Amino acid sequence: MPHISNIRFAILLKLLLPLVFLSAGSFLQGTDKPNIVLFLVDDMGLMDSSVPFLTNEKGQPQKHPLNEFYRTPNMERLAKQGSRLSQFYAMSVCSPTRVSIMTGQTSARHKTTQFIKPETNNAGTYGAQDWKWEGITKDHVTLPAELRKAGYRTIHSGKAHFGPNDSYGADPTNIGFDINIAGCAYGQPGSYYGEDHYGWAKKGREKRAVPGLEKYHGTDTHLTEACTVEMNAAIKEAVDDGQPFFAYLSHYAVHTPFQSDPRFAENYADEDKKSLAAFATLIEGMDKSLGDVLDQLEKLGVAENTLVLFVGDNGSDAPVGDVHEVACAAPLRGKKGTHYEGGMRVPFIAAWAKPNAKNSHQIRFPIATNAINDREFGTVCDLYTTTLIAAGLNPTDPAVGQGKDGISLWPLFADGGKRQFGFERRFLMHFPHSHRSAYYTAFRQGDWKLVYHYRHDPERGKIKWPQTELFNLADDPYETTNLSEKDPDQLRTMMDAMKTQLDLVDAQYPLADDKKSLLKPTL
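Residues numbered from 1 in each chain as written. Predicted model: local features only at pLDDT ≥ 70, side-chain atom pairs only at ≥ 80, totals over all residues. Heavy atoms only, no water.

> Explain the overall build of the protein here, please?
The helix and strand inventory of the protein stands at 13 helices and 12 strands. Projecting the C-alpha coordinates of the protein onto the three principal axes gives extents of approximately 95 × 55 × 50 Å. In the protein, which comprises 523 residues, the proportion classed as buried is 60%. Considering only contacts within the protein whose residues lie at least 6 apart along the sequence, 68% involve residues at least 24 apart. (Helix = DSSP H or I, 4+ residues; strand = E, 2+ residues; numbered from the N terminus. Buried < 20%, exposed > 50% of the residue type's maximum accessible area, 1.4 Å probe, protein only. Contact = heavy atoms within 4.5 Å.)

This is the structure we're talking about:
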């Protein structure tokens, strides 16, 4: 017979094992690699939040009327737990930004310079004809693939838009994700409503129907909620298995169609413009999703070991005002698809899901709490490098980081969030196509911003831009005064620097009127 003490030990072990396994994921991850959540919001600009990202002359966050209009309490929660960048740049439309996040390359280098239309190549009549409409291919080194090789479980939920229909990039599992929830070639949903089967049951919207969420068809589950519930379930599975995770929650919201999220409609009942009210409900639904993820991390006991990066993919597309004026991103000028700050500036927050200065990951990678950095700027290309470093990888390894345009943002998060790089940063936003702003390169170097317009736009038949626009953003953050004629020396300096950058990345250019010659920058 077994010894009585062995029997007692076996009974005790049986009682304790569930408790051991509950905390096993947290323990293992705490001594190995941090979890990483990249929370990406479609078409969310810098001002589409109750969190102020702009600062006053003392460098303190300053609220503007739009910050008073939107309700994002969970963004406020995350901002208090971490650091904001007042100046953070994305490409001005979605697919270029998404490829930049995945590859660490600026759009002029990876050459997906236009949003990807799933069915047909939308280079445009005078647009760069050899742009990479196919998006991400098997030749790209991607963020999820590198993280997966390092032992991460890589989870995608929501909008992908990495390639057109039937392409390699159309399926997120091809580019390094272990799990794909609702991601495909489409850049917008057929419908946000489960009652419409997210487009499958909505006449005229079948071609943009969101796949893979059949269990929610016929229910009142909003698309934002469905993507969140499925992501939280996938995170739990990773934690239960003791595996670090990279959770890329990329919401279709707040892209058109502007369909009201019924859960928050009452909050905007007094808003006369129904499309704006609907947009605001999508913002609030996205914010609830953020809170649900933070709550899940806390519930699973892994919040202290989880890095959260919150970012938008391009400037705001809120249904307010003219696209090139001060309106939906006020006091910034412009909106999604334009070369002005309102079209390129997006919210960015980095935080640990539960700050703890004694946590081993947080000791290695400190993030100041309730901090805002308005001295330096970051870009979507930096997310690749910043994330790999957090995962313990070396982005300077040629196999991992070759041809990358981003840098590490970690130096900006320490010491109260007011650090500077100690060198002059550059950002290149290249758009050789026709859209709200057409055929342009926007180039920032230090405090200066140059916009070079390659040609007018006969396709749209209305706006003919000046050839160059030059702004000093330190003195003129709202781009009110074009200094091209007043400061020709600075214009020449910026033109030379821009051309150097374009040459370095082998940029492609729009066509001249003969549709054969390429238009390269001249002055």
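> What's the story with the pattern of salt bridges in this structure? I'm lost.
A side chain with one charge can pair with a side chain of the opposite charge if their charged atoms come near. Under the criterion given, the structure shown has 25 salt bridges. For the salt bridge of Arg109 with Asp405, the shortest nitrogen-to-oxygen distance reads 2.8 Å. In this pair, Arg109 sits in helix H5 (residues 107–110) while Asp405 sits in the loop between helix H12 (398–401) and strand E9 (426–431), placing the two residues 296 residues apart along the sequence. In this structure, Arg208 engages Glu119 in a salt bridge whose closest nitrogen and oxygen atoms are separated by 2.5 Å. You can see Arg208 sitting in the loop between strand E4 (179–181) and helix H7 (223–240) and its partner Glu119 sitting in the loop between H5 and helix H6 (143–149), a full 89 residues away along the chain. When its relative accessible area of 15% is taken as the criterion, Arg208 is described as buried. Note on Glu119: relative accessible area 33%, which makes it partly exposed. A single salt-bridge network, built from bridges that share partners, covers Glu225, Asp261, Arg263, Lys288 and Asp292. (Salt bridge = Lys/Arg side-chain N within 4 Å of Asp/Glu carboxyl O.)

> Can you walk me through the environment of Ala90 in this structure?
Tracing the backbone shows Ala90 in the loop between strand E2 (82–89) and helix H4 (94–103). Ala90 sits 190 residues away from Ala280 along the chain, and the two C-alpha atoms are 22 Å apart. Not counting residues within four places of it along the chain, the set of residues in contact with Ala90 comprises Thr97, Gly312, Asp313, Asn314, Met344, Val346, Val380 and Phe427.

By themselves these figures say nothing about function.
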